[in-house]
Amino acid sequence: MSFPRDTDAPSIPTDRPAPEPTSDVRALSGGFLTGLANLVPGLSGGTMVLILGLYETLIRAIASVTALKLDARTLRFLAAFGLGGVLAIAGLSKVAMWSVVNHRMLAFALFVGLTLGVVPELLKLCGKVRPATVVAAVLGFGVVVGLEVADVSSLEANPLTLGLVGALAAASMILPGLSGSYVLLIFGMYEVVIGSLSLLSEAPKEALGVLIPVGLGALAGVALLSNVLKFLLSRYSGPTHAALLGLVFGSVVGLWPFQALTHQDLADRATRKGIEAIVVDELEMSAVAKEFGPQWTAGRIEEVRGAYAGKTRGELKIMSKESERFPPGGGQIAAVLGMAVLGFGLTRVLSRA
């Protein structure tokens, strides 16, 4: 089916003068919130940009730079926006990891609410309901759910896969409704990439071995998508926004809050390294306690050996991502609904700021 050009749906025009200059403070704040959003699975950086009213400015700016059409105003906006993102990612990566590992149910409920908060804006931007917009919404939904069903979470982390996943994750960062961290989670790279951010000061060589290919892939992904998105939004606004709406609902499906990590000790990277030293490297108790801390007692070490004997590093990493659903109680349902409503409300407040 071909998608006719939209004439009645809101769009991002590309042939009119650029929008009014964005203040450095607003650009910095937008970058910070976007960086924070991209740290957590399911919360879209593109959503934050959209509700803050910076979406058109950001898409135009990235597309201009990648087409080598440079001007001082664009570069200043991107510098302030990028600085805000770096500050958020560098300062809050450990907090994001802690919340996902230790309070998964409430964190995911909050992310669901935050993500769904952008639905009213996207519905307006879709324009009239037409066959093309319906098909686009279904396709957007199917992309995310298809990735989840395909079970690609056991990919091996090497420069090629890290680069490809980095490209997909970064491209998704400017798509409202699709989280870069959610893409990392789908491909089983969330702990690898986000954990590497917090390792820069402790093990810079190991961290850069992950972050450099991811970064190169991310640059390529953003450059390509920004130009494609600029074209689609200007020519086929309704179907494009409908596809983005489908992405929103698809990402929420994967954030079912009533699930728990099967092996929570493996989900914490520092603890998993200690387990690897015991099971894979077969270090003695004194060496393990010296390197990983006094909490590694003889009883704890024997417990680990009994639970994970014979496992390789790759198998332990895959096990660290396994989760299982559980039937919620009344209190848990109420808590999840409360967090989802809170997240939805926060997004609506930001959209009016």
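Residues numbered from 1 in each chain as written. Predicted model: local features only at pLDDT ≥ 70, side-chain atom pairs only at ≥ 80, totals over all residues. Heavy atoms only, no water.

K.L.:
Go over the overall build of the chain, please, and point to the residues and values.
P.N.:
What the chain contains, in helices and strands, is 18 helices and two strands. Considering only intrachain contacts with a sequence separation of at least 6, the fraction spanning at least 24 residues in the chain is 80%. Put simply, the chain shows about 16,800 Å² of open surface, and 67% of that area lies on carbon and sulfur atoms. (Helix = DSSP H or I, 4+ residues; strand = E, 2+ residues; numbered from the N terminus. Contact = heavy atoms within 4.5 Å. Areas by Shrake-Rupley, 256 points an atom, 1.4 Å probe, with all protein chains shown as cover.)

K.L.:
How would you sum up the nonpolar core? Please name residues and give values.
P.N.:
Judged by nonpolar contacts, the single largest core of 37 residues is most densely connected at Tyr-55, Leu-58, Phe-77 and Leu-122. For Leu-58, the residues in contact, after removing those within four places along its chain, are Val-49, Phe-77, Leu-78, Phe-81 and Ile-174. (Core = buried A, V, L, I, M, F, W, Y, C linked by side-chain atoms within 4.5 Å. Buried < 20%, exposed > 50% of the residue type's maximum accessible area, 1.4 Å probe, protein only.)

K.L.:
Tell me about unusual backbone geometry, and name the residues and values.
P.N.:
Look at Glu-282: it is not a glycine, yet its phi comes out positive at around 55°. Mapping Glu-282 onto the fold places it in the loop between helix H14 (269-279) and helix H15 (285-292). The class for Glu-282 is exposed, based on a relative accessible area of 59%.

K.L.:
Tell me about the side chain of Arg-272, and name the residues and values.
P.N.:
Inspection of the secondary structure puts Arg-272 in helix H14. By relative accessible area, Arg-272 is classed as buried at 5%. The contact partners of Arg-272, leaving out residues within four places of it in the chain, are Asp-265, Leu-266, Ala-267, Leu-316, Lys-317 and Ser-320.

K.L.:
An account of the confidence of the model for the chain is needed here, citing residue identities and associated values.
P.N.:
Summing up the model confidence of the chain, the mean pLDDT is 79 and the portion of residues at 70 or higher is 87%. The secondary-structure element of the chain with the lowest mean pLDDT is helix H9 (residues 180-186), recorded at 72, while helix H18 (residues 330-351) shows the highest, at 89. Overall, residues 1-20 carries pLDDT values under 50, and its contacts beyond four positions in sequence, including any with other chains, amount to 50 contacts. (pLDDT = per-residue confidence, 0-100.)

K.L.:
Could you give an account of H14, with specific residues and numbers?
P.N.:
With respect to burial, H14 is a largely interior element, eight of its 11 residues being buried. Burial in H14 covers these residues: Arg-269, Arg-272, Gly-274, Ile-275, Glu-276, Ala-277, Ile-278 and Val-279. Buried residues along H14 sit in contact with helix H11 (204-235), helix H13 (264-267), H15, helix H16 (298-308) and helix H17 (313-319).

K.L.:
Can you lay out a nonpolar patch on the surface for me, pointing to particular residues and giving the numbers?
P.N.:
The grouping of Leu-28, Phe-32, Leu-36, Leu-83 and Leu-87 at the surface amounts to a nonpolar patch, some 390 Å² of accessible area in total. Listing elements by their share of the nonpolar patch, those giving two or more residues are helix H1 (24-37) and helix H4 (72-102). Sorting elements by how many residues they give to the nonpolar patch places H1 first, with three residues. Among the structural elements, Phe-32 can be located in helix H1. (Patch = residues over 30% accessible without salt bridge, like charges linked within 9 Å, V, L, I, M, F, W, Y side chains within 5 Å. Salt bridge = Lys/Arg side-chain N within 4 Å of Asp/Glu carboxyl O.)

K.L.:
Give me the lowdown on the pattern of salt bridges, citing residues and values where you can.
P.N.:
Tallied over the entire structure, the rule returns five salt bridges. Among the ionic pairs, Glu-303 bridges to Arg-300, the shortest N-O distance being 3.9 Å. Within this pair, Glu-303 and its partner Arg-300 are both found in helix H16, separated by three residues, close to a single helical turn. Judged by relative accessible area, which is 53%, Glu-303 ranks as exposed. Among the ionic pairs, Arg-305 bridges to Glu-302, the shortest N-O distance being 3.1 Å. Here Arg-305 and its partner Glu-302 are both found in helix H16, three residues apart, which amounts to about one turn of the helix. The structure contains a network of salt bridges with shared partners spanning Arg-272, Lys-273 and Glu-276.

K.L.:
Residues and numbers for the side chain of Thr-161, please.
P.N.:
By secondary structure assignment, the location of Thr-161 is in helix H8 (residues 159-173). We classify Thr-161 as buried; its relative accessible area is 15%. Beyond its immediate stretch of four places on either side in the chain, Thr-161 contacts Glu-156 and Met-189.

K.L.:
Kindly report on the packing of aromatic side chains, identifying the contributing residues and their values.
P.N.:
Two aromatic rings, taken as a pair, are described by how far apart their centres are and by the angle between their planes. Counted according to the given criterion, the structure contains five aromatic pairs. Centre to centre, the rings of Phe-108 and Phe-111 are 6.1 Å apart; their planes meet at 45°, and the pair counts as tilted. With a gap of three residues between them, Phe-108 and Phe-111 both fall in helix H5 (residues 104-116), about one helical turn apart. Overall, the relative accessible area of 1% leaves Phe-108 in the buried class. With relative accessibility at 5%, the residue Phe-111 sits in the buried group. On the numbers, 6.2 Å between centres and 70° between planes, the contact of Phe-231 with Tyr-236 is edge-to-face. (Phe/Tyr/Trp six-rings, centres within 6.5 Å; stacked < 30°, edge-to-face > 60°.)

K.L.:
Tell me what's going on with the packing of helix H6 (residues 119-126) against helix H12 (residues 237-253), and back it up with residues and numbers.
P.N.:
Interhelical geometry of H6 versus H12 gives an angle of 155° and a closest axis separation of 8 Å. Considered as vectors, H6 and H12 are oriented roughly antiparallel to each other. For the crossing formed where H6 meets H12, the hand is left-handed. Contact residues: H6 offers Val-119, Leu-122, Leu-123, Leu-125 and Cys-126, while H12 offers Ser-237, Gly-238, His-241, Ala-242, Leu-244, Leu-245, Val-248 and Phe-249. Looking at the contact of H6 with H12 residue by residue, the class counts come to 10 nonpolar, three polar and no charged. (Axes fitted to C-alpha atoms, helices over the stretch in contact; angles between N-to-C directions. Parallel < 35°, antiparallel > 145°, perpendicular 65-115°, else oblique. Left-handed = near helix turned anticlockwise from the far one by under 90°. Nonpolar A, V, L, I, M, F, W, Y, C, P; charged D, E, K, R; others polar.)

K.L.:
With reference to specific residues and values, describe the environment of Glu-56.
P.N.:
Along the polypeptide, Glu-56 turns up in helix H3 (residues 55-66). Given the relative accessible area of 18%, Glu-56 is considered buried. C-alpha separation for the pair Glu-56 and Lys-230, spaced 174 residues apart in sequence, amounts to 8.8 Å.

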